[in-house]
Amino acid sequence: MRRLLGNLLFASGALLSMGMMTGCGSVGFDVVRYPEFWPDDAAYDSIAVAPVTNQMQPGRFVQELNDGVVREIAKNGTYAIADYTSNRQGDAAILNRVRETKEVDLVLFSTIMGYSVSVDEEERYETVEEPVYAVDADGFQLFDDDGNPVIDYIDYVEVAYPWFTTDSEATINVSVHRADGMQIYSKNASASCHDEGEHPFALQSPKEMESCAVWEAMNNAVSLVQPVWRHITMDGDRLLGIYRWDNNKVEETTKFSSIEDTFIVSIYLPSEARLNAFSFDIVARDDEYATALVTESFVWNSEDEVVYQYSIKNLYEASGGKKEFAVRFWSNNNIVMTKDIELKF
């Protein structure tokens, strides 16, 4: 890795948020959203899946969700799975066995907290055209030469009709224990389903709607405990900031008027990007395929900006006297965004 005065700084979110320029717009890119309970310096690779419990109606949905949880975790491929969903000895017995055997890193418990369905009917209106036919002075309807009634004008009227809606919602709790029995995570995941139409018999039944919400909640719950791809969108100026450091003051700018200037590159990412690897580089704008003058790589694990400081003089000399550069932010081997730097001396 080639670095030019690459002093890595960590600044609080307030330090570089002042005077932010606008105009870059939003940028989007994909990240792996890792579970909240994963530590920064390790990853878990095996999990035991305990039977799902339904605290609202014991037994209902349980077998289907047992199969569904195991299937979704297996499909993700992150964890080797120990399937305990047919074990009826209770949560404590499962934890004791895992504690003794140490066959997995984690144990997953899932609980259906509740679900409900609401059915509603409302009156809606639509505008329809109604022809008003011409009549003579005596009130008799007029016809044209072909025998068709003559339309005097079109009237528009509001006609009422019934509209039916069905909504369901469900909540599932997932809790995760380490192999030593300590609970390290617990969170509720909710979901809802909606159906509507002009005829109630064409809508899904309340039981089908309950099942829909429960399955959607299960999918959301399982996604919390394993890495999943997410597309995130954020303001480009917040993601990549360029600043000039002058007398202990920070000024956001991409134009530098002195060879003695110091400039700062700051990177800020949302929590969904935690544990993902990113990089940025600096290249001469007229030679972007040449070896980068600066390359930095890091793993995002901070709530604050990651900040690097450089010397304009070193950048100018390393480039052979060039005055226009591009700072490029990379994710998954793709350039997400670019900001240009210009030297004005």
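Residues numbered from 1 in each chain as written. Predicted model: local features only at pLDDT ≥ 70, side-chain atom pairs only at ≥ 80, totals over all residues. Heavy atoms only, no water.

K.L.:
Even after reading the chapter, I still don't get the overall build of the chain, so can you show me in this structure?
P.N.:
Within the chain one finds five helices and 18 strands. On C-alpha atoms alone, the chain measures out to a radius of gyration of 32 Å, which is more than a quarter above the 20 Å that the 2.2 N^0.38 rule sets for 345 residues. Along the first, second and third principal axes, the C-alpha atoms of the chain reach 100 × 75 × 35 Å. A buried classification covers 42% of the 345 residues belonging to the chain. Long-range pairs, those at least 24 residues apart, make up 73% of the contacts in the chain with a sequence separation of at least 6. If you average the places of the 27 positive and of the 57 negative side-chain charges in the chain, the two averages end up 17 Å apart. (Helix = DSSP H or I, 4+ residues; strand = E, 2+ residues; numbered from the N terminus. Rg over C-alpha atoms; globule rule 2.2 N^0.38 Å. Buried < 20%, exposed > 50% of the residue type's maximum accessible area, 1.4 Å probe, protein only. Contact = heavy atoms within 4.5 Å. Lys, Arg positive; Asp, Glu negative; His and termini not counted. Charge placed at Lys NZ, Arg CZ, Asp CG, Glu CD.)

K.L.:
I'm lost on helix H3 (residues 206-224) in this one. Help?
P.N.:
Each full turn of the α-helix corresponds to 3.6 residues, which orients residues three or four apart in the same direction. Between its first and last C-alpha, H3 extends 27 Å over 19 residues, near the 27 Å set by a 1.5 Å rise per residue. Restricting attention to buried positions, one finds in H3 the residues Met209, Glu210, Ala213, Val214, Ala217, Met218, Ala221, Val222, Ser223 and Leu224. The inward-facing, buried residues of H3 abut strand S2 (26-33), helix H1 (62-76), strand S6 (106-133), strand S7 (151-178), strand S8 (183-197) and strand S9 (228-235). (Expected span 1.5 Å × (residues − 1).)

K.L.:
Teacher, can you tell me more about the pattern of salt bridges here?
P.N.:
Once their charged atoms are close, side chains differing in charge can pair, the charge on each being opposite to the other. Following the criterion strictly, the structure yields 19 salt bridges and no others. Its salt-bridge partner being Glu103, residue Arg97 comes within 3.9 Å of it at the nearest N-O pair. For Asp281, the salt bridge identified is with Arg328, shortest N-O distance 2.8 Å. Residue Asp281 is found in strand S14 (residues 277-284), and its partner Arg328 is found in strand S17 (residues 324-331); the two are separated by 47 residues along the sequence. In the salt-bridge network here, residues are joined through shared partners; they are Glu122, Arg124 and Glu196. (Salt bridge = Lys/Arg side-chain N within 4 Å of Asp/Glu carboxyl O.)

K.L.:
Help me understand the environment of Asp40 in this model?
P.N.:
Among the structural elements, Asp40 can be located in the loop between S2 and strand S3 (46-49). For Asp40, a relative accessible area of 46% gives the class partly exposed. For the pair Asp40 and Val299, spaced 259 residues apart in the sequence, the C-alpha separation amounts to 9.4 Å. For Asp40, the contacting residues outside a window of four places in its chain are Arg274, Leu275 and Asn301. At 3.2 Å, the side chain of Asp40 forms a polar contact with the side chain of Arg274. (Polar contact = N/O pair within 3.5 Å; in protein donor to acceptor, adjacent residues only side chain to side chain.)

K.L.:
Just checking my understanding: could you explain the packing of H1 against H3 for this structure?
P.N.:
To characterise two packed helices, one gives the angle between the axes of the helices and the distance between these axes. Packing of H1 against H3 leaves a shortest axis separation of 10 Å and a crossing angle of 35°. Pair H1 / H3 crosses with right-handed handedness. Residues Glu64, Leu65, Gly68, Val69, Arg71, Glu72 and Ile73 of H1 pack against Val214, Trp215, Met218, Asn219 and Val222 of H3. In the contact of H1 with H3, the residues fall into seven nonpolar, two polar and three charged. (Axes fitted to C-alpha atoms, helices over the stretch in contact; angles between N-to-C directions. Left-handed = near helix turned anticlockwise from the far one by under 90°. Nonpolar A, V, L, I, M, F, W, Y, C, P; charged D, E, K, R; others polar.)

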